[in-house]
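Chain and residue survey
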Amino acid sequence: MNRHNGATSGRRPKAIDVAPLAIAILSVLALALTVQTLPQRPADPARAKRLEWFRDAKYGLFIHWGLYAIPAGEWKGKRSLGLGEWIMNRSKIPVAEYEPLAKQFNPVKFNADQWVQLAQDAGMKYIVITSKHHDGFAMFKSAVSPYNVADATPFRRDVLKELADACARHGMRLGFYYSQSQDWHEKNGAGNTWDFGPDQGPDNKELKNYDAYLRSKAEPQVKELLTGYGPVALIWFDTPRMMTPERGQRFADIVRTSQPNTLIDGRLGTEGDYRSTGDNVIPPEASTEAWETPATINDTWGFRKDDTNWKSPGQITFKLVDIVSKGGNYLLNVGPTAEGVIPPASQDILRTVGRWLKANGEAVYGAGTSPFGEEYGEYTARGAKDVRGQKLFLPQTEWRVTSKPGKLYFTFFAELRAPFEIPAMKNRITRAYRLADHAPVDLKTENGKTTFSLERPMLDPMATVVVVEFEGQKIER
Ligand code: JFZ
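Residues numbered from 1 in each chain as written. Predicted model: local features only at pLDDT ≥ 70, side-chain atom pairs only at ≥ 80, totals over all residues. Heavy atoms only, no water.

Summing up its helical and strand segments, the protein chain has 11 helices and 19 strands in all. When the backbone C-alpha atoms are referred to their principal axes, the protein chain occupies close to 75 × 45 × 45 Å. Here the protein chain holds 477 residues, and the buried ones make up 56% of them. Long-range pairs, those at least 24 residues apart, make up 74% of the contacts in the protein chain with a sequence separation of at least 6. For the protein chain, the accessible area works out to roughly 20200 Å², and carbon and sulfur atoms hold 55% of it. In the protein chain, which carries 62 positive and 56 negative side-chain charges, the distance between the mean positions of the two groups comes to 1 Å. (Helix = DSSP H or I, 4+ residues; strand = E, 2+ residues; numbered from the N terminus. Buried < 20%, exposed > 50% of the residue type's maximum accessible area, 1.4 Å probe, protein only. Contact = heavy atoms within 4.5 Å. Areas by Shrake-Rupley, 256 points an atom, 1.4 Å probe, with all protein chains shown as cover. Lys, Arg positive; Asp, Glu negative; His and termini not counted. Charge placed at Lys NZ, Arg CZ, Asp CG, Glu CD.)

Before going further, it helps to examine the pattern of salt bridges. When their charged atoms lie close together, side chains carrying opposite charge are able to pair. This structure, assessed with the given rule, holds 32 salt bridges. Of the charged contacts in the structure, one is a salt bridge between glutamate 219 and arginine 250, with a shortest N-O distance of 2.8 Å. Placement of the pair is glutamate 219 in helix H8 (residues 210-228) and arginine 250 in helix H9 (residues 245-258), with a sequence separation of 31 residues. As far as the burial class goes, glutamate 219 and arginine 250 line up, both buried. By sharing partners, the salt bridges in this structure join Arg47, Arg50, Arg256, Glu271 and Asp273 into a single network. (Salt bridge = Lys/Arg side-chain N within 4 Å of Asp/Glu carboxyl O.)

For the structure on display, the rule yields two cavities of 30 Å³ or more. Looking at the largest cavity, its volume works out to about 70 Å³. What lines the largest cavity is a set of 13 residues, and nearest its centre among them are Asn298, Thr300, Trp310, Gly335 and Ser346. Split by residue class, the lining of the largest cavity holds six nonpolar, six polar and one charged. In this structure, the second largest cavity spans a volume of roughly 40 Å³. Lining the second largest cavity, in full, are Trp65, Gly66, Leu67, Tyr68, Thr130, Lys132, His133, Asp135, Phe137 and Met139. Looking at the lining of the second largest cavity residue by residue, the class counts come to five nonpolar, three polar and two charged. (1 Å grid on protein atoms, 1.4 Å probe; cavity = no way out; pocket = protein on both sides within 12 Å on 5 of 7 lines; lining within 4 Å. Points joined across faces, edges and corners; volume = space filled by probe spheres on them. Nonpolar A, V, L, I, M, F, W, Y, C, P; charged D, E, K, R; others polar.)

Nothing here speaks to function; it is geometry throughout.
Right under this line is the structure:
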């Protein structure tokens, strides 16, 4: 098993969360396939313009922070399985017992500039923070609902205001995650079945006044976010339950009329500006559509004190280059503690990848997809099926390639066992060199095949990039 793509060390088994997991797996498949197979969208010049920074940025910081950081995966001394931010749902905590957490929320160590500086040190080009997650608590001063960080906590500070100001100081793009559909604090919101009963009957008839919740809380709060916090890079909607196209369009209209350049992700419930894959899902092949993989460094989005199943910097670097080679963006998450501290393990991993990007960022930022594809792996010849009856895909993870006009960036994640053969192309190859130190790499051409070798040990054992320059702008195969 390649040390970069998966096997976790034998830490204590993580608390598998079945429900969201089941949702996840089902929708992951759907989404993974969507990115692949859905027809090309009609060209939309305005959207293409909006997406320019996004397609160049490639790598962003996701932040899941809220009241759920206080219980941190445990309720009344009992471990609550699953995602930390789902504890109110998983432990069926009544609003009457969950709401008082606000009285304990006082993250005195919160420092917006430090968070933005971490994102910059990590080589990340945008930040997306949870403005309101499924529990209904707003991390900003909202005139629409007193259940917010400035009015309901001893902290009394507008977290999003401070982060927006810090991002402006650092020239960092900022976006807001907003749970438009699920709101477990509201009787007419979706998802709180333990206080307010099911959302829909067996005939899918809606049993709650869902539009009353949307019109009285969700829509006006999205308006607040787009009119009180400066330029908003994107709105990251999520889990679009009961989100009909009409309801989705109402949110899209609020965004388009408030800030026309603000991007909308793929989980609104009506067409957004780009596709959102399932959580931690990386499609097996490239796509020309703009898409984004939201991902965790461990196995939770919101802070859990018992989840230390951290991916290694090498695994994160592989996933980043893999995603960029397939035309996507990587939105990687941290879950700060109730004190406002980003877990040190997360910081170390992000800074290590940031140092690699300092030397090799040219292969990532603004880079195009692989002109080849065989490097991703193949479906098993014998047509073996995986657990879902889908053709089994055997991923190959030794190398990935990204592209720019006249240049190919081959990133190696393992020592070459033999001279590397550059895939066939009609373009004449002119030279090759290591990206990090520009050391020339000798090319050998025999019987129309061009190869090169890499000194051992590789310049950077985590990942070493070789740039191959060729005549012409694009690869002709
Ligand atoms: C959702 C949230 O429920 C979760 O708490 C977190 O915020 C995550 C980023 O998004 O979880 C999902 C939503 C959709 C899928 C998987 C998990 N999906 O479509 O596969």
